[in-house]
Amino acid sequence: QVRLVESGGGLVQAGGSLRLSCAASGSIFGFNDMGWFRQAPGKQRELVATITRGGSTNYEDSVKGRFAISRDNAKNTVYLQMNGLRPEDTAVYYCKADSGVGFPSWGQGVQVTVSS
């Protein structure tokens, strides 16, 4: 039973920063790809950033240079450092992790709200 627990969301003014954490558990051999997705009201869920077991990263264009994804494989934890936040970053952010067995797992989501 894979479980993902997210934390670090909240309300911040434009230009501010937040750091999201996602602690994963339940995989004997750890996790392969992990990442963050987000869904704003009235919009589809979209990729924010992903990171492989080896540390290769991929970012959605609008967050490049502002967000940084990282992971600690020993702790099975993935992070998303968000700097220079904009109102359009407002969304529910979801953690995703692939254990290599079955379907990828999703967290419950954490709200990030950026005010003007």
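Everything discussed here concerns the structure shown above.
Computed from a prediction, not measured in an experiment: that's the story for all the values here.

**Student:** Any details on the environment of Val112? Residues and values, ideally.
**Tutor:** Tracing the backbone shows Val112 in strand S11 (residues 110–115). The spatial distance from the C-alpha of Val112 to the C-alpha of Gly84 is 13 Å, given a sequence separation of 28 residues. When residues no more than four places from it in sequence are discounted, the contact partners of Val112 are Gly9, Gly10, Leu18, Leu20, Met82, Asp89, Thr90, Ala91 and Tyr93.

**Student:** How would you sum up the pattern of salt bridges? Please name residues and give values.
**Tutor:** The tally for this structure, following the rule as stated, stands at four salt bridges. For Asp89, the salt bridge is made with Arg38, and the minimal N-O distance between the two is 3.0 Å. Pair noted here: Asp89 is in the loop between strand S8 (77–82) and strand S9 (91–97) and Arg38 is in strand S4 (residues 34–39), with a separation of 51 residues, a long-range link. Owing to a relative accessible area of 1%, Asp89 belongs among the buried residues under this scheme. One salt bridge connects Asp89 with Arg66, and the closest N-O pair in it is separated by 2.8 Å. Taken together, the residues Asp89 in the loop between S8 and S9 and Arg66 in the loop between strand S6 (57–59) and strand S7 (67–72) connect sequence positions 23 residues apart. Each member of the salt-bridge network shares a partner with another, and the members are Arg38, Glu46, Arg66 and Asp89.

Each value, and the rule that gives it
Residues numbered from 1 in each chain as written. Predicted model: local features only at pLDDT ≥ 70, side-chain atom pairs only at ≥ 80, totals over all residues. Heavy atoms only, no water. Helix = DSSP H or I, 4+ residues; strand = E, 2+ residues; numbered from the N terminus. Contact = heavy atoms within 4.5 Å. Salt bridge = Lys/Arg side-chain N within 4 Å of Asp/Glu carboxyl O. Buried < 20%, exposed > 50% of the residue type's maximum accessible area, 1.4 Å probe, protein only.

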